[in-house]
Structure formats: C-alpha cells, structure tokens
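Observations on the model geometry
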Amino acid sequence: VEALLLHGLPLVLHDLIREERFSEVHWEEAKPASMLGLTRGELRLGQKHEWGVYFWRLFVRSKAAGELLTEEDMISAFQLADENLLALAGRGPVGKSIRYLLRQMERCAPEAEDQDPQPYDIVDVSYLLDYWHMAERADRNLNDPQVRFPRDLVLAHDTMIPLVKALEDAPMHQKFRTRRKQLQKYSFQADGLLIRPAKSQKELADEGDALHHCVGSYAARHAGGKTAIFFLRRAAAPNEPYYTLELDEAKLVVRQNRGLRNCSRTKEVQAFEERWLEWVRAGCLRDEKGRPVLPETRRRPA
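Since the structure is predicted, the reported quantities are computational estimates derived from the model, not experimental observations.

**Regarding the overall build of the chain**
- Broken down by element type, the chain carries 13 helices and five strands.
- In terms of C-alpha radius of gyration, the chain reaches 32 Å, well past the compact-globule figure of 19 Å for 302 residues.
- Within the chain, contacts between residues at least 6 apart in sequence are counted, and of these 57% link residues at least 24 apart.
- Just so you have it, the chain exposes about 17,100 Å², and 51% of that area is on carbon and sulfur atoms.
- Separation between the mean location of the 46 positive side-chain charges and that of the 46 negative ones in the chain comes to 11 Å.

As structure tokens, this is what we get:
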C-alpha cells in the first residue's frame, strides 16, 4: 500500500479503498507498476495524467483485450467523459471507437441556424454498443470499418432498428402465414359485407389502432391457434376497418364482435354474422367457382 501511495497511482489506491475492492491489484508483486499491471512507461503516463481507478481500469482492461491505448487515446477518453467506456474493452477497438464517438458528437452538434438539430446528446458509448449489437443480430460484418463505424451513427442506428425487429418477428410472421391458410376457408361475402382472417401481426395492430380497441394484444393467441381473429369489412371498402370478430373455432361460436371503440353490432352486422355462422356450421360449402353457398338455398348469396 505504501509503495502504491508513494510511487504508484495514489488516486487509484484512494478509489480502491473507497470501493473496498482490492482484488484487481497484484499484491504479490514488489514494484508499483507491476502491482497495477503496467510497465514503468505506462505507470509514468498514468502519473502524468493523474489516473483514477476508472481510467486505470480502461487502460489495463484494453491491454488485456490486446489493445495498448496511447496517450492520445487516453486524452480522448477524458474528453468523451462517458461512464460506460469500460464496456468498449473487448468489444471493439477502444481508441478508435472513442475518437469516432467524439467526431459523431461534433457532427450532430446543433448550429445556431439549425431549425431541427440532430439529437446529439444521445450519441454515446451505449448508443454505439447498441448499434453494434443490432448489426451482429442482422449478420452484418463488423470487421468492415464502414459497418462498424458508419458515416452517420444516428442514421445507421435508426435504420437498423426495423431490420432487427423484422428478424425477431420472423417466427411470428410464419405463424401468421400458417394461421391464415388454416382460416382462409372461413372467408365469406354477402349483402355488401365480407369477413376474412387477419393476415399479419402488423395488420392486427393497425386494426386495434384504427378502431381503438385491444385486438392487437391477441396476436400471440391468434398465431398459436388459441383463438381466431377475423376482420369484417364493407365490400366497397375492403381495407377499411369496420368490425373485428373473435371466433371460438372449436365450438364455432362468436366470442365477441366489436366496432369502433368497442361498440356493439349494428343490426346489419348482426344479421351478417348469423348468416356467416350458419354457413360455417354447415361446412363452408362453395360452388364450382369457389363462391359460398348458403345451406337453405344451396346457391351463392346475392
């Protein structure tokens, strides 16, 4: 302890005592530099810039990961002043990453005449690491400098978000496609109205947003076959949300059928629902052209 205090990095010793964490020091060594995992030249650099425990850790952890930071790198680290700098060690070139972030912050800094400045304050170590994580998820090659350090980090980060989301949603997309094929037999049109199964998770969410109800939360249950969600539309406006119907496929009964802000069925919608259910329970009969045939008439609905 005396050697570290008098001939090592006293601020590091002070911080370690405050943290009550001493295991990072090589106490079996006799020389202060070796005790701190440094060479004599590296110790002099730390003494020159009065390293505390944080910047000492940044240096030694980067060194352990195979990167020897320069004096310029450490000065840049001081300038960046980001509490998450240690997370860079072992994840990428620390010195280059620090200089890159400083340039990105300068690039995004608002000028006096800017009417809509970039959110420069969000560009930090965590933001860069988040971008790297998404790039890896999207199978991008981070060994390519243009991928690891894009010209515009904010733009690259924002562009990566929907791509990664699409990859994460891929299993759900496949379930929706399978479910749509299973439920397509229930598609029906009569009396100026039509009904069909939900096509995708996004369509389900859009339906809930348009009609101000919670059908978007039914995505997993629908895709997993635990329920069946159908969209009821006016035939003249097939893409405009009108009513949303939930069918108990096992019992062939309607659990709920709601319109805007969970409003109840109109008489027109009620009559259509009853006609559709009658057709479904009769086996979804169709003529040679694939048009629904109602049980009582064995003819295509007018």
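**Here we look at the packing of helix α5 (residues 53-64) against helix α6 (residues 71-80)**
- Axis separation between α5 and α6 bottoms out at 11 Å; the angle between their running directions is 135°. It follows from the interaxial angle that α5 and α6 lie oblique. Note that α5 runs across α6; the crossing there is right-handed. Residues Phe55, Leu58 and Phe59 of α5 form the contact with α6, whose own contacting residues are Met74, Ala77 and Phe78.
- Partitioned by chemical class, the residues of the contact of α5 with α6 number six nonpolar, no polar and no charged.

**Some points on α5**
- Its 12 residues place the ends of α5 16 Å apart at the C-alpha level, agreeing with the 16 Å of an ideal helix rising 1.5 Å per residue.
- Within the span of α5, buried status applies to Val53, Phe55, Trp56, Arg57, Leu58, Phe59, Val60 and Ser62.
- On its buried face, α5 sits against α2 (10-19), α4 (40-48), α6 and α7 (94-108).
- The positive-phi residue at the C-terminal boundary of α5 is Gly66, with phi of around 100°.

**Things to note about α7**
- For α7, which comprises 15 residues, the first-to-last C-alpha distance of 21 Å matches the rise-based estimate of 21 Å (1.5 Å per residue) to within 8%.
- Turning to α7, its buried residues are Val94, Gly95, Ser97, Ile98, Tyr100, Leu101, Gln104 and Cys108.
- Buried positions along α7 lie against α5, α6, α8 (125-137) and α10 (153-183).

**Digging into the nonpolar core**
- By size, the foremost hydrophobic cluster in this structure holds 49 residues, and its most contacted members are Leu38, Trp51, Trp56 and Leu58.
- At the level of elements, α2, α3 (32-35), α4, α5, α6, α7, α8 and α10 are the ones that each hand at least two residues to this core.
- With eight residues, the top contributor of residues to this core is α8.
- Excluding its chain neighbours within four sequence positions, the residues that come into contact with Trp56 are Leu9, Val12, Glu24, Leu36, Leu38 and Trp51.
- Grouped together as the second largest cluster of nonpolar side chains are 23 residues, Leu183, Tyr186, Leu252 and Leu277 included.

**Details of the packing of aromatic side chains**
- This model, assessed by the stated rule, comprises 10 aromatic pairs.
- Measuring from ring centre to ring centre gives 4.9 Å for Tyr100 and Phe149, while their planes differ by 55°; the resulting arrangement is tilted. Here the residue Tyr100 occupies a position in helix α7, and Phe149 occupies one in the loop between α9 (145-148) and α10, the gap between them amounting to 49 residues. The residues Tyr100 and Phe149 share a single accessibility class, namely buried.
- Measuring from ring centre to ring centre gives 6.2 Å for Trp132 and Phe149, while their planes differ by 70°; the resulting arrangement is edge-to-face. Placement of Trp132 in helix α8 and of Phe149 in the loop between α9 and α10 is noted, with a sequence separation of 17 residues between them. The same class applies to Trp132 as to Phe149, namely buried.
- In this structure an aromatic cluster arises from ring pairing among Tyr54, Phe55 and Phe78.
- For the cation-ring pair, Arg148 lies above Trp132, with the distance from its terminal atom to the ring centre recorded as 4.5 Å.

Parameters and conventions
- Residues numbered from 1 in each chain as written.
- Predicted model: local features only at pLDDT ≥ 70, side-chain atom pairs only at ≥ 80, totals over all residues.
- Heavy atoms only, no water.
- Helix = DSSP H or I, 4+ residues; strand = E, 2+ residues; numbered from the N terminus.
- Rg over C-alpha atoms; globule rule 2.2 N^0.38 Å.
- Contact = heavy atoms within 4.5 Å.
- Areas by Shrake-Rupley, 256 points an atom, 1.4 Å probe, with all protein chains shown as cover.
- Lys, Arg positive; Asp, Glu negative; His and termini not counted.
- Charge placed at Lys NZ, Arg CZ, Asp CG, Glu CD.
- Axes fitted to C-alpha atoms, helices over the stretch in contact; angles between N-to-C directions.
- Parallel < 35°, antiparallel > 145°, perpendicular 65-115°, else oblique.
- Left-handed = near helix turned anticlockwise from the far one by under 90°.
- Nonpolar A, V, L, I, M, F, W, Y, C, P; charged D, E, K, R; others polar.
- Expected span 1.5 Å × (residues − 1).
- Buried < 20%, exposed > 50% of the residue type's maximum accessible area, 1.4 Å probe, protein only.
- Core = buried A, V, L, I, M, F, W, Y, C linked by side-chain atoms within 4.5 Å.
- Phe/Tyr/Trp six-rings, centres within 6.5 Å; stacked < 30°, edge-to-face > 60°.
- Lys NZ or Arg CZ within 6 Å of the ring centre and 35° of its normal.

Limitation: the analysis is restricted to geometry and does not speak to function.
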